[in-house]
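Inside the fold
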Amino acid sequence: MEGRRAVASASVRCPACGNVDDKVVDSRQSDDGGSIRRRRQCLECGRRFTTFERLEELPLVVMKRSGDRMPFDRHKVVAGVMAAAKARPVTDEAVEALTTQVEDRLRLLGTEVSTEQIGLTVLELLRELDQVAYLRFASVYKGFDDPADFEREAAGLTKDTAPKKH
Ligand SMILES: [Zn+2]
């Protein structure tokens, strides 16, 4: 899992003896995806303990189709989702939460992600939040120019299949 790093993973004090050398015996992602639960064992006394570590903000870089790289800007995701969810019963808080989830998922992919990965991740999450907003976002993101594409996507929704991946 390169590309993500957790706060304080370098030095965690053993709750029993205060030693800072430990080994990680198990790591797993929390249910909300935003933190890592680590089971550790003190190298000094052998005591086992658990830490919960927030995924740290390593800079996330976006690679555009042109090959240009730019820093990930969550405001762009928020703006895109807000536009898609206009006049829909989707709260600002829900958009913010979705954006955080998008960012967390992207970080699991590494420090560099493509615009396509961002779009697909937004679609995946937006689909669960609001289907109209999902279709609107899909139409912009995928650049649908043929009504048949839109219909296929709508049909996919009712069949509950995953969005088409390229
Ligand atoms: Zn210890």
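Use the structure listed above.
A brief look at the structure comes next. (Residues numbered from 1 in each chain as written. Predicted model: local features only at pLDDT ≥ 70, side-chain atom pairs only at ≥ 80, totals over all residues. Heavy atoms only, no water.)

Points about helix α2 (residues 92-109)
- Between its first and last C-alpha atoms α2 spans 26 Å; for 18 residues at 1.5 Å apiece the expected length is 26 Å, and the two agree.
- Listed in full, the buried residues belonging to α2 are Val95, Leu98, Thr99, Val102, Glu103, Asp104, Leu106 and Arg107.
- The elements touched by buried residues of α2 are β3 (48-54), α1 (74-84), β6 (112-114) and α3 (115-129). (Helix = DSSP H or I, 4+ residues; strand = E, 2+ residues; numbered from the N terminus. Expected span 1.5 Å × (residues − 1). Buried < 20%, exposed > 50% of the residue type's maximum accessible area, 1.4 Å probe, protein only. Contact = heavy atoms within 4.5 Å.)

Remarks on the sheet that holds β3
- Ordered by their spatial adjacency, three strands build an open sheet running β1-β2-β3, and the pairing between neighbours is antiparallel. Edge positions in the sheet fall to β1 (22-29) and β3, since each has one partner strand and no second. The sheet shows a mean angle of 25° between the axes of neighbouring strands, direction not considered. (Pairing = 2+ DSSP bridges. Axes fitted to C-alpha atoms, helices over the stretch in contact; angles between N-to-C directions.)

Description of the packing of α1 against helix α4 (residues 131-141)
- At a minimum axis separation of 8 Å, α1 and α4 run at an interaxial angle of 115°. As α1 runs across α4, the sense of the crossing is right-handed. In this structure, α1 contributes Gly80, Val81 and Ala84 to the contact, and α4 contributes Ala133, Arg136 and Phe137.
- Considering only residue class, the contact of α1 with α4 consists of four nonpolar, one polar and one charged. (Left-handed = near helix turned anticlockwise from the far one by under 90°. Nonpolar A, V, L, I, M, F, W, Y, C, P; charged D, E, K, R; others polar.)

A look at the coordination of the zinc ion
- For the zinc ion, the full set of protein donor atoms is Cys14 (SG), Cys17 (SG), Cys42 (SG) and Cys45 (SG), and the range of their distances to it is 2.3 to 2.4 Å.
- Every donor counted, the four donor atoms about the zinc ion form angles of 104 to 118° at the centre, which fits tetrahedral coordination.
- As a motif over one chain, the donors of the zinc ion read C-x2-C-x24-C-x2-C. Of this pair, Cys17 sits in the segment before β1 while Cys45 sits in the loop between β2 (35-42) and β3, and the two are 28 residues apart along the sequence.
- Taking relative accessible area as the criterion, Cys17 reaches 38% and is therefore assigned partly exposed. (Donors = N, O, S within 2.8 Å, 3.2 Å for Na, K, Ca; no water. Tetrahedral: all angles 85-135°; square planar, octahedral: opposite > 155°, others 65-115°.)

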